[in-house]
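# Architecture and fold: a report
Chain by chain, the residues:
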Amino acid sequence: MPGRQSEGECRMKQVKIAPSILAADFARLGEEAQAAEQAGADRLHLDIMDGRFVPNISFGPVVVRALRQVTRLPLEAHLMIAEPERYLAEFAQAGAGTIIVHQEASLHLERTLSQIKALGLRAGVALNPATPLVLLEEVIAELDLLLIMTVNPGFGGQKFITGMLSKIERARALLAKDSLSCELEVDGGINAQTASRAAAAGAEVLVIGTAVFKHPGGIPAALRAVLPAGGRF
Ligand code: DX5
Ligand code: ZN
């Protein structure tokens, strides 16, 4: 049965790790990024916060540009900012390869996604925990990446919301139904325990901040703790 086969395939997918530099030591950001690259990270996740869409303020395109000089890893910018369409070109010029905007922050989401693609970048959308998947129904075929937030955005180090496992499963089913190649990524509270549960639910990219950069054994040990041998769940 094709349905069963694709379910099996997705569960055996190689899971990718996207360390979130929000949890890194900002005084040594270049070294931290390079250490993540050497340890086998697949991309870097850059959390951009504006103090309006989320209560916290982090950093902007200047830091993205600086990181672009020190690592070959793809950079994905997770824009937790109001009116993200105003800043797309700046993040593209700074070196982001993927831009993720929040559904809740972009009134004309279809246009925003088209603008990201017109800049030659991969387009992603993030959903807050309370936002239902159905709100993406009309644009899901346009997405390169769907980010399911497993915490309320704004801070690192929060607890994984277990109720989001069912949302990850439903997102996986939605993508499988139309054979969409869009990546399914999860963000927030991912550690050795929650990583396997999120992957079993269908996530193929795990954003991890605290459990990578604050691991007492260092970044390579952190990645080993999160990924089983070969990265297959
Ligand atoms: C939350 C951010 C996350 C966060 C992840 O607003 O989008 O990317 O930094 O950090 P941990 O892994 O510590 O939850
Ligand atoms: Zn993030």
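Residues numbered from 1 in each chain as written. Chains lettered and ligands numbered in written order. Predicted model: local features only at pLDDT ≥ 70, side-chain atom pairs only at ≥ 80, totals over all residues. Heavy atoms only, no water.

### Some remarks on the coordination of the zinc ion (ligand 2)
Protein coordination at the zinc ion (ligand 2): the donors are His-45 (NE2), Asp-47 (OD), His-78 (ND1) and Asp-187 (OD), at 2.0 to 2.3 Å from the metal. For the zinc ion (ligand 2), the six donor atoms are set out with angles of 69 to 170 degrees between them, so the coordination reads as octahedral. Positions of the donor residues of the zinc ion (ligand 2), expressed as sequence spacing, correspond to H-x1-D-x30-H-x108-D. With His-45 in strand E2 (residues 44-49) and Asp-187 in strand E7 (residues 183-187), this residue pair connects regions lying 142 residues apart in the sequence. (Donors = N, O, S within 2.8 Å, 3.2 Å for Na, K, Ca; no water. Tetrahedral: all angles 85-135°; square planar, octahedral: opposite > 155°, others 65-115°. Helix = DSSP H or I, 4+ residues; strand = E, 2+ residues; numbered from the N terminus.)

### What to know about helix H5 (residues 109-118)
Leu-109, Thr-112, Leu-113 and Ile-116 are the residues of H5 that are buried. Burial along H5 is one-sided: seen end-on, the buried residues are contained in an arc of 100 degrees. Across from the buried face of H5, at angles greater than 90 degrees, the exposed residues are Arg-111 and Ala-118. Those residues of H5 that are buried are in contact with helix H4 (88-94), strand E4 (98-102) and strand E5 (122-127). Gly-120 occupies a position one or two residues after H5 and carries a positive phi of about 85 degrees. (Buried < 20%, exposed > 50% of the residue type's maximum accessible area, 1.4 Å probe, protein only. Arc of directions from axis to C-beta. Contact = heavy atoms within 4.5 Å.)

### Points about the side chain of Asp-187
No salt bridge is formed by the buried Asp-187; its nearest oppositely charged neighbour, Arg-43, is found at 11 Å. A polar side-chain atom of Asp-187 sits 3.2 Å from a polar atom in the side chain of His-78. Not counting residues within four places of it along the chain, the set of residues in contact with Asp-187 comprises His-45, Asp-47, His-78, Leu-147, Ile-148, Met-149, Thr-150, Val-151 and Val-207. (Lys, Arg positive; Asp, Glu negative; His and termini not counted. Salt bridge = Lys/Arg side-chain N within 4 Å of Asp/Glu carboxyl O. Polar contact = N/O pair within 3.5 Å; in protein donor to acceptor, adjacent residues only side chain to side chain.)

### Quick notes on the sheet that holds strand E8 (residues 205-208)
With parallel pairing, eight strands are arranged side by side in an open sheet as E1-E8-E7-E6-E5-E4-E3-E2. A single partner strand is all that each edge strand has here, and the edge strands are strand E1 (16-19) and E2. Neighbour to neighbour, the strand axes of the sheet diverge by 25 degrees on average, direction disregarded. With six bridges joining them, E2 and strand E3 (residues 75-80) adopt parallel strand pairing. Paired with Ile-48 across the bridge in E3 is Leu-79. (Pairing = 2+ DSSP bridges. Axes fitted to C-alpha atoms, helices over the stretch in contact; angles between N-to-C directions.)

### Quick word on the site of ligand 1
Neighbouring residues of ligand 1: 20 residues in total, closest Asp-47, Gly-154, Gly-157, Asp-187 and Thr-210. At a separation of 2.8 Å, an oxygen atom of ligand 1 approaches a polar backbone atom of Gly-189. Using a 2 Å cut-off from the grid points, one finds that ligand 1 occupies the second largest pocket. At the level of elements, E2, E3 and E8 are the ones that each hand at least two residues to the shell around ligand 1. Ranked by residue count, the leading element in the shell around ligand 1 is E2, at three residues. Partitioning the shell around ligand 1 into residue classes produces eight nonpolar, ten polar and two charged. (Near = heavy atom within 4 Å. 1 Å grid on protein atoms, 1.4 Å probe; cavity = no way out; pocket = protein on both sides within 12 Å on 5 of 7 lines; lining within 4 Å. Sits in = over half its atoms within 2 Å of the grid points. Nonpolar A, V, L, I, M, F, W, Y, C, P; charged D, E, K, R; others polar.)

### Looking at the environment of Ala-92
Tracing the sequence through the fold places Ala-92 in helix H4. With a relative accessible area of 19%, Ala-92 lands in the buried category. Remark: the alpha-carbon pair of Ala-92 and Gly-218, spanning 126 residues in sequence, is separated by 31 Å. Contact partners of Ala-92, with chain neighbours within four places excluded, come to Ile-99, Leu-119 and Leu-121.

### As for the confidence of the model for the chain
Confidence in the prediction for the chain averages 94 pLDDT; 93% of positions are at 70 or higher. Predicted confidence for residues 1-11 stays below pLDDT 50, and this span has five contacts to residues more than four positions away or in other chains. (pLDDT = per-residue confidence, 0-100.)

### Re the packing of aromatic side chains
Under the criterion given, the structure shown has one aromatic pair. Geometrically, the ring pair formed by Phe-26 and Phe-59 is tilted, given 5.9 Å between the ring centres and 50 degrees between the ring planes. Of this pair, Phe-26 sits in the loop between E1 and helix H2 (29-38) while Phe-59 sits in the loop between E2 and helix H3 (61-68), and the two are 33 residues apart along the sequence. We classify Phe-59 as buried; its relative accessible area is 9%. (Phe/Tyr/Trp six-rings, centres within 6.5 Å; stacked < 30°, edge-to-face > 60°.)

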